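# Tertiary structure, described
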Amino acid sequence: MDQSINPNIDESWKEILIDEFHKPYFTQLKSFLVEEKNLYTIYPKGNEIFAAFNLTPFQNVRVVILGQDPYHGPGQAHGLSFSVPVGVPAPPSLVNIFKEINSSLGFPIPRSGNLESWAKQGVLLINATLTVRANQAGSHQKKGWETFTDSVIGKLSEQRENIVFLLWGAYAQAKSVLIDTSKHTVLMAPHPSPLSAHRGFLGCGHFVKTNDILVSKGLKPINWKID
């Protein structure tokens, strides 16, 4: 398969998503990205666009945390929703995620905002849109990425069981229609953004509830502590 269509994505996902990569919308998306890269700075870097999939193979997914857009500031986006590389200050939404973990589980608020340790445990950290133009939030929405990531959610719903989907905010919650709740668990709360976190994200208990659900299904809980 043409690697330019499918840059560096884990074999398990390649097998699951092979048809998506050959659909007209994905060809159009690829052309759009080539044009954008010629004109603008795009985040994340090309080899990090599919980082969430490479760190969390299809068969390993136990939890899905869905974001909307990559961060659009310099050095922030690295292919995992809500996460930032080591050394980059945690953005406000991530600070609130850490506050919720601190209050419900007692873990100290970490210095690092890098969530790779979650991804390696089976937490799929995906955004609905996988790229963005520098300093322009939402600039790559409605170009095809949402069709692709909706397919990802649908494939997980159809072919896997006992996944916990964490849907924070109205945008993520709208994706609940893609999930078979007879096989999976959906937990909803307001978005962790400072604009809405105090309306129910803080105190939602999602990290505790997720582990309780996983254990009840005979699955290993997630270690939410970031070192």
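Reference entry: report on the structure contained in this document. Keep in mind that this is a model prediction, so the values were computed, not measured.

On to unusual backbone geometry, then. Note the cis peptide between tyrosine 43 and proline 44, where omega equals -10°. Its place among the elements puts proline 44 in the loop between β1 (42–43) and α3 (51–55). In this structure, lysine 142 takes a positive phi of about 60° despite not being glycine. Residue placement: lysine 142 occurs in the loop between β4 (132–133) and α6 (145–159). Residue lysine 142 is classed as exposed on the basis of its relative accessible area, which comes to 77%.

Moving on: the sheet that holds strand β2 (residues 63–67). Spatially, β3-β2-β5-β6 is the arrangement adopted by the four strands of the open sheet, whose pairing is parallel. Each end of this open sheet is capped by a strand with a single partner; those strands are β3 (123–127) and β6 (185–189). Here the strands of the sheet are splayed against their neighbours by 20° on average, with no regard to which way each runs. In this structure, strand β5 (residues 164–168) lies alongside β6, joined through five bridges in parallel fashion. For phenylalanine 165, the partnering residue across the bridge sits in β6 and is valine 186. Running at roughly 155° to β3, α6 makes contact with β2, β3 and β5 of the sheet.

The rules behind each value
Residues numbered from 1 in each chain as written. Predicted model: local features only at pLDDT ≥ 70, side-chain atom pairs only at ≥ 80, totals over all residues. Heavy atoms only, no water. Helix = DSSP H or I, 4+ residues; strand = E, 2+ residues; numbered from the N terminus. Buried < 20%, exposed > 50% of the residue type's maximum accessible area, 1.4 Å probe, protein only. Pairing = 2+ DSSP bridges. Axes fitted to C-alpha atoms, helices over the stretch in contact; angles between N-to-C directions. Contact = heavy atoms within 4.5 Å.

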